[in-house]
Amino acid sequence: MYDPLVATDPGTGMPYPGSYWADTAGPAPQDDGPVTADKEVEVAIIGGGYTGLSAAYHLVHEQGIEATVLEANATGWGCSGRNGGFALKAGGRLSYQKMIRRYGETTARGMFNEIYDGLARVRGLIQDHNIDCDQQADGHLWVAHRPRMMKVIESEARFLKDTFNYDVDILSGDELKQQHFDSDEAHGAMRFRHGFGVHPLKLAYGYHRLARAAGATIHTSSPVLQWYREGDRHLLVTPGGVVKAKKVICATNGYTSQTLHPQLKNRSFPVLSNVIVTRPLTDTELAATQFVSSDVITDTRTLRFYYRKLPDNRILIGGRSAITGADACNPKHNDNLLRALTSKFSALGDLSFDYQWGGWVCVTFDDIPHIHQTEDDSSVFYAMGYGGSGVSFAVQAGMRLAEKVAGISKGHDLPVLSKPMPKFPFAPFRRMGQRALYHYYFARDEKR
Ligand SMILES: Cc1cc2nc3c(=O)[nH]c(=O)nc-3n(C[C@H](O)[C@H](O)[C@H](O)COP(=O)(O)OP(=O)(O)OC[C@H]3O[C@@H](n4cnc5c(N)ncnc54)[C@H](O)[C@@H]3O)c2cc1C
């Protein structure tokens, strides 16, 4: 598998992974094909996932600025077509409690509102433009995987109410069983009323169609292999021609190679997450697990598992995976996911999976996303670092990028988000640290 810490680019025109999403999304929307000759553009956007497509749509539609997307492979080929499809009220990995300790309550409130706005924006785009993406009903369950975790859940619920006046529901183990599913590993839950499941690749296709209908150009199979400066223009070298741009947006997130731009080197950390999708559950299995819920579900582990029942009664479950791209295809990572699923639902002992794939989540050193206009060259912009919570926030970040390119901040600008991504100290040793942390978190998570 492409490894952003090792390879210089994610390939040219690579097929989608053999995912459930790629198998069920239907034909890819029409695009503008690869770049086939040198061309001049106003704004070039590198990366055709949610961030890049949202930036393109908002640039053209709201700011009246011409936008050209350069995607190495295909629309949604990166995380946007590989994720679990959990549109959550989330962005980044930093908890609000830590955010308050680090940046103060005003910043945490600003982030809360921005994140809320992100989810509303996704919902609005889906509804206003009839994006066919198998949207499910709202509900996100945060499930206590050990009895001791109910204290954490209850304390978080009080914190959300006291700080943001935000209401959640607390469910006991019995209520969870009556209303959602019967699991061996669910001792109660917090239920967020906002957050829903989608078909992530269909959603990416929807944004792609919107952006193109607004007037954006989307070149697929067009990786940026080299990037030079010539006067006031950026020269982006693709296999089919050089794209000369006045401004450039990097929307490459967890697929950003170390060589793409010096301002991005050692500032993000790609972390693999794997997903399996089971065969459809039989009526007997559905009855045995009482799995009536279409809520999206995460558990209280630090190395959390995320799972949901899909509209055709398959179960999707995802979680941490290999450390390196070279080890990504090791079957043990998918076996771990199946084992996790059957320990949650022992009634599903004979379950097999039909699909498995993985992708690179983008983590930043300070665990928050960054939407930045670079300081040494004000014509370069980037947004990334959603840390496994980008289905809603990437779209918000794309809209904010479009505002930044247009020179507008509308007073929404949160300094903490606009700062550059900090560099990782001891960057070459990031993966050694990751391995050690995985061992530590695993021991802590599994403690009874
Ligand atoms: C397995 C998995 C499960 C996840 N589940 C969830 C979830 O349920 N909910 C949630 O909120 N988030 C989830 N995420 C995270 C979420 O999918 C991402 O945060 C989001 O899709 C990021 O979108 P993006 O557009 O910024 O990046 P991406 O969708 O990754 O797009 C980046 C694109 O840049 C392209 N690119 C890279 N380099 C170049 C180059 N040199 N030239 C041209 N193109 C280039 C790549 O080909 C890629 O298509 C998950 C991620 C993974 C991997």
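Residues numbered from 1 in each chain as written. Predicted model: local features only at pLDDT ≥ 70, side-chain atom pairs only at ≥ 80, totals over all residues. Heavy atoms only, no water.

Undergrad: Outline the pattern of salt bridges, listing residues and values.
TA: Side chains bearing opposite charge may pair, as long as their charged atoms lie close to each other. Within the structure shown, the criterion is met by 27 salt bridges. Two residues, Glu 446 and Arg 146, come together in a salt bridge whose shortest N-O distance is 3.0 Å. Here Arg 146 lies in the loop between strand E4 (140-143) and helix H5 (149-164) and Glu 446 lies in helix H12 (residues 430-446), a separation of 300 residues in the sequence. Relative accessible area serves as the criterion here: at 25%, Glu 446 is assigned to the partly exposed category. Judged by its relative accessible area of 3%, Arg 146 falls in the buried class. As a salt-bridge pair, Lys 244 and Glu 230 come within 3.4 Å of each other at their nearest N and O atoms. On the criterion of sequence distance, the pair formed by Lys 244 in strand E11 (residues 241-250) and Glu 230 in strand E9 (residues 226-230) is long-range, its members being 14 residues apart. (Salt bridge = Lys/Arg side-chain N within 4 Å of Asp/Glu carboxyl O. Helix = DSSP H or I, 4+ residues; strand = E, 2+ residues; numbered from the N terminus. Buried < 20%, exposed > 50% of the residue type's maximum accessible area, 1.4 Å probe, protein only.)

Undergrad: Please provide a residue-by-residue account of the pairing of strand E15 (residues 315-320), values included.
TA: The element E15 is largely enclosed, with a buried count of five among its six residues. Where strand E12 (residues 269-278) meets E15, five bridges bridge the pair, whose relative direction is antiparallel. Along E15, the bridge assignment pairs Ile 276 with Ile 317. Sheet analysis places strand E14 (residues 306-309) next to E15, joined by four bridges and oriented antiparallel. Looking across to E15, one finds that Tyr 306 is bridged to Gly 318. Hairpin connection of E14 to E15: five residues between the antiparallel strands, including Asn 313 at a positive phi of 70 degrees. (Pairing = 2+ DSSP bridges.)

Undergrad: Would you mind going over the sheet that holds strand E6 (residues 188-192) in detail, with residue names and values included?
TA: One open sheet holds the eight strands; their spatial order is E5-E6-E4-E13-E14-E15-E12-E16, and the pairing between them is mixed. Here the strands that pair on one side only, and so sit at the sheet edges, are strand E5 (169-172) and strand E16 (353-363). This sheet shows a mean twist of 20 degrees between the axes of neighbouring strands, independent of strand direction. Pairing of E12 with E16, which is carried by 10 bridges, proceeds in the antiparallel orientation. Among the inter-strand pairings, Val 271 is bridged to a residue of E16, identified as Val 361. The sheet contacts of helix H9 (residues 332-344) involve E12, strand E13 (296-299), E14, E15 and E16, and relative to E12 the element is tilted by about 55 degrees. On the sheet, H12 packs against E12, E15 and E16 and is oriented at approximately 50 degrees with respect to E12. (Axes fitted to C-alpha atoms, helices over the stretch in contact; angles between N-to-C directions. Contact = heavy atoms within 4.5 Å.)

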